[in-house]
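# Topology and contacts: notes
Listed here are the chains, written in short residue letters.
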Amino acid sequence: MTDRVDTGPSSAERLARKRLLVALAGWIVAAVLAGSMRAGVRIPEPFDALGGYVLVWAPLLAAVVVARFGVRAPAGSPSVLGFGFRPIDLLWGIAAGLLLRILVSVLEVLVNGTMPAVASGPAPSGSAAIVSSFVIAVLAATLFAPLIEELFFRGLLLRSLRASVRGGAVWAAVLVSAAMFAALHLVVANGPKEALVAGLGTFLVGLGTGTAVVLTGRIGVAVVTHVVFNASLLVLGVTAVTGGTGVVIE
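Procedures and definitions
- Residues numbered from 1 in each chain as written.
- Predicted model: local features only at pLDDT ≥ 70, side-chain atom pairs only at ≥ 80, totals over all residues.
- Heavy atoms only, no water.
- Axes fitted to C-alpha atoms, helices over the stretch in contact; angles between N-to-C directions.
- Helix = DSSP H or I, 4+ residues; strand = E, 2+ residues; numbered from the N terminus.
- Left-handed = near helix turned anticlockwise from the far one by under 90°.
- Contact = heavy atoms within 4.5 Å.
- Nonpolar A, V, L, I, M, F, W, Y, C, P; charged D, E, K, R; others polar.
- Buried < 20%, exposed > 50% of the residue type's maximum accessible area, 1.4 Å probe, protein only.
- Polar contact = N/O pair within 3.5 Å; in protein donor to acceptor, adjacent residues only side chain to side chain.
- Expected span 1.5 Å × (residues − 1).
- Core = buried A, V, L, I, M, F, W, Y, C linked by side-chain atoms within 4.5 Å.

### Describing the packing of helix H5 (residues 170-186) against helix H6 (residues 191-216)
Two numbers describe a pair of packed helices, the interaxial angle and the distance between the axes. Their axes nearest at 8 Å, the elements H5 and H6 cross at an angle of 145°. Crossing of H5 over H6 shows right-handed handedness. Contacts between H5 and H6 pair Val170, Trp171, Val174, Leu175, Ala178, Ala179, Phe181, Ala182, His185 and Leu186 from the former with Ala195, Gly199, Thr202, Phe203, Val205, Gly206, Leu207, Gly210, Thr211 and Val214 from the latter. Across the contact of H5 with H6, the residue classes tally to 14 nonpolar, six polar and no charged.

### Brief notes about the side chain of Ser232
Here Ser232 lies in helix H7 (residues 220-241). Judged by its relative accessible area of 9%, Ser232 is buried. At a separation of 2.7 Å, a polar atom in the side chain of Ser232 contacts the main-chain carbonyl oxygen of Phe229.

### Notes on H5
Since the α-helix turns once every 3.6 residues, residues separated by three or four places project in the same direction. The terminal C-alpha atoms of H5, which comprises 17 residues, lie 25 Å apart, in line with the 24 Å expected from a rise of 1.5 Å per residue. Along H5, the positions that sit buried rather than exposed are Val170, Ala173, Val174, Ser177, Ala178, Met180, Phe181, Ala182 and Leu184.

### Topic: the nonpolar core
In this structure, Leu60, Phe152, Phe153, Leu156, Leu157 and Leu184 are the most contacted members of the largest nonpolar core, which totals 42 residues. Elements that contribute at least two residues to this core include exactly helix H1 (11-35), helix H2 (51-70), helix H3 (87-112), helix H4 (128-164), H5, H6 and H7. For this core, the leading source of residues is H4, giving 10 residues. If near-sequence neighbours (up to four positions away) are discounted, Leu184 is found in contact with Trp27, Ala30, Ala31, Val56, Leu60 and Phe153.

Pasting the structure below:
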């Protein structure tokens with residue numbers, strides 16, 4: 001019987017590990033900057049609403065760009081992000097996003113005993129700067145944040161984790177990427193209850209979107225899921241003003 005010879009990591013594994021190092025560096029910088037948010041970051045209107053987001057987005061986007069263009073990859077190597085979208089992803093994303101919102105809502109009720117936030121009025125009106133800041137804040141939460149975070153966590157990070165281990169530890173990669181996604185949100189949590197809700201809630205979102213990416217092979221469904229999850233928060237706020245549920249889940 002011939003003994004198996006360990007030939008070491010393949011070129012694909014070495015490439016994935018390089019990309020993983022870039023992702024980890026971006027995540028660490030984002031976590032450090034997110035932790036500094038309490039010190040306050042002032043950005044001129046109407047982009048002032050992006051202050052906290054920019055601190056996290058910048059290193060995450062930088063990691064994606066560096067991994068894509070700065071890490072030399074042989075021809076035919078697996079893509080960095082695996083970005084793709086099909087019409088069916090819209091249907092699955094809407095269903096998954098609403099289901100995750102319900103689960104996190106139940107979690108908040110169990111932890112806090114009640115829904116923590118109630119809408120107090122309509123969208124702001126007045127000067128162009130105020131309205132613009134509001135619009136930018138809505139776009140940041142419902143479009144930019146889901147896209148950037150999914151490109152990083154379910155694109156670069158998840159794919160790099162999965163490909164860096166021989167045999168492709170698929171579900172371990174989903175768990176680790178979801179845990180790192182949750183940990184980044186924990187950095188700015190205030191108090192144990194908020195930390196519990198934020199930690200478990202974002203971990204569930206990470207598991208849901210990560211599973212969707214693994215099953216479909218595309219990030220598109222994860223982006224739609226994340227958009228619906230975040231946007232449902234605003235929809236609850238609007239219905240509160242117009243006689244609906246009256247509840248907003250942060």
